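The chain contents come next:
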Amino acid sequence: MPQSENSSLIRAAEIAAFFDIPRPVTAHDFEDKGNMSHEMYLIRAGTGAETREYLLQRMNNDVFTKPVEVVRSLETCMAAQRAYMEANPLPEGVSWHTVRLVRAAHGRTILEIVDEASIAFWRLMERIPGCVAYKSLSMVQDNDKRLQLAEQAARGLALFGDLTSNMEAEKLSYPLPGYRDTRVYYAQLDSVMGGTRTLDDAGPYLPADETVKEGTQFHFWLHLDDEEYEARLNDPELQPYIDTALENRDLALTLLRAIERGTVRLVAIHGDTKLENFLFDAETGAVRALVDLDTIMPHTWLADWGDMARSLVNVAGEKVSDLGEIRVDLDIFEALARGYLSTAREATDAEIALMVDAVQILALELGVRFLADYLRGDTYFKLAPEDPPDLNKTRAMVQLTLFQELTANAQDMRTIIERYAMARRHP
Ligand SMILES: Nc1ncnc2c1ncn2[C@@H]1O[C@H](COP(=O)(O)OP(=O)(O)O)[C@@H](O)[C@H]1O
Ligand SMILES: [Mg+2]
């Protein structure tokens, strides 16, 4: 083991030892770590049959600037889930785990470690036992297993929606300013397409809310020289995609408007429903948990659903070079619809009526985000040195092509939703 790795494990074990767990404490690499947290370790505590496993995470406080509030939302969410399960026991055979944070010696679940250079926020959670996670559906070769996985993930989202339905969404803080705010994303696109170069020029486009404004304003102006900007903006290949983004603004705002009109509920959403955040029973494949609760925020669950379905029905992936490969896998969509609608108790008919639109909208919204980022100079979806310079252009074209494919398949998707919605009304 290289020296630095060894010393970071020693340090992780020392940090974990500040928490209330059995001794001795050892730290290990954690294979399944995601990409948001800078650091994550598997912790083993205790001896013999009593050994328990935990996950130690250093919260990324560049991304989450208010870690204490993020943890508060997470704890509120876990408590709400347990309260709901006590009041409304889950059906026979369904087992659902919630994330549990461990308290540190000072009685709190978040540990601040300050040194000369930085301040780091650490937390320790119990590892949910006997589960597996999948980075993508394509990891699963067998078609039936893939459909089963999609169905289970959708069941998990429906359970999460039910279990958190009693949370007071309007009291939650927003973990990332402007996140999932379709209007902000379009305003950024308008602003960069208008050639905005300064904070002053950005004025008319900026959000009214001070916190959102402060957290997002950097992405309202250009970070490219004139020549490169003009080349990107006038790239003939991109024109039809720019048109698609602008022509569908009204549709894109449907979910926000429905929340504002009160036709769909404002609830606590998960905010990052990618497949790898669902845990599945290693033996039976049944969904067991939805983890990574850092992006809980007020919105409609349709945003979680739309984001999950948008990514899972697109079997080609998010960076394909041949846009002709992008297709909507209707079998997967059907598995998702079945999983969600056979499980959800709290979802309303008005919400269910928007389930197809939500998938289109989330693809469109993500396309707009990539497009604006490409045009202004890749300030949000930052490029790694090995990435092609036009990666965000490709990603924008993928999502906007997916949006068009979803639109072309919308009627079939509506038929599928209607079938399972009916089964729900007349079981
Ligand atoms: N409590 C838990 N028990 C078991 N596995 C977990 C738990 N929390 C997270 N994981 C696994 O670790 C991965 C990364 O954790 P996550 O909290 O999602 O971090 P990131 O923010 O880096 O994505 C998850 O995708 C999941 O596979
Ligand atoms: Mg994650």
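What you are looking at is a predicted structure, and each value in this text was computed from that prediction instead of being measured.

What counts and how
Residues numbered from 1 in each chain as written. Chains lettered and ligands numbered in written order. Predicted model: local features only at pLDDT ≥ 70, side-chain atom pairs only at ≥ 80, totals over all residues. Pairing = 2+ DSSP bridges. Helix = DSSP H or I, 4+ residues; strand = E, 2+ residues; numbered from the N terminus. Axes fitted to C-alpha atoms, helices over the stretch in contact; angles between N-to-C directions. Parallel < 35°, antiparallel > 145°, perpendicular 65-115°, else oblique. Left-handed = near helix turned anticlockwise from the far one by under 90°. Contact = placed C-beta atoms within 7 Å. Nonpolar A, V, L, I, M, F, W, Y, C, P; charged D, E, K, R; others polar. Buried ≥ 20, exposed ≤ 12 C-beta atoms within 10 Å, placed from the backbone.

Trainee: Run through the pairing of strand β5 (residues 119-126), naming residues and quoting values.
Mentor: In the sheet, strand β3 (residues 52-59) pairs with β5 via six bridges, with the strands oriented antiparallel. The residue of β5 that forms the bridge with Tyr54 is Glu126. As judged from the four bridges shared by strand β4 (residues 111-114) and β5, these two strands associate in the antiparallel manner. Residue pairing across strands places Ile113 opposite Ala120, the latter belonging to β5. In textbook terms, the turn of a hairpin is the stretch between consecutive antiparallel strands, and for β4 and β5 this stretch comprises four residues.

Trainee: Give a detailed account of the packing of helix α8 (residues 239-247) against helix α15 (residues 391-408), specifying residues and quantitative values.
Mentor: Their axes nearest at 10 Å, the elements α8 and α15 cross at an angle of 55°. In terms of orientation, α8 lies oblique with respect to α15. In the packing of α8 onto α15, the handedness of the crossing is left-handed. Facing Tyr241, Thr244 and Ala245 of α8, the residues of α15 in contact are Ala396, Met397, Leu400, Phe403 and Gln404. Taken together, the residues that form the contact of α8 with α15 break down as six nonpolar, two polar and no charged.

Trainee: Can you lay out the sheet that holds strand β1 (residues 25-29) for me, pointing to particular residues and giving the numbers?
Mentor: With antiparallel pairing, five strands are arranged side by side in an open sheet as β1-β2-β3-β5-β4. Across the chains shown, the open sheet's two edge strands, defined by having one partner strand only, are β1 and β4. Strand-to-strand twist in this sheet, taken as the mean axis angle between neighbours without regard to direction, amounts to 30°.

Trainee: Could you give me a rundown of the sheet that holds strand β9 (residues 287-290), with the residues and numbers involved?
Mentor: The strands making up a sheet associate through backbone hydrogen bonding, with each pair oriented either parallel or antiparallel. With antiparallel pairing, three strands are arranged side by side in an open sheet as β6-β8-β9. Lying at the two open borders of the sheet, with one neighbouring strand each, are β6 (131-132) and β9. In terms of strand pairing, strand β8 (residues 278-281) meets β9 through three bridges, oriented antiparallel. Note on β9: the bridge partner recorded for Leu279 is Ala289.

Trainee: A description of unusual backbone geometry should follow, citing residues and the corresponding values.
Mentor: Each neighbour pair has its own omega, and for Arg23 with Pro24 the value is -5°, a cis peptide bond. With respect to the helices and strands, the residue Pro24 is situated in the loop between α1 (3-16) and β1. One non-glycine residue, Arg180, lies in the positive phi region at around 60°. One can find Arg180 in the loop between α3 (143-163) and α4 (182-193). With phi around 65°, Asp292 is a residue other than glycine that occupies positive phi space. Residue classification places Asp292 among the buried positions, given that 21 C-beta atoms sit within 10 Å.

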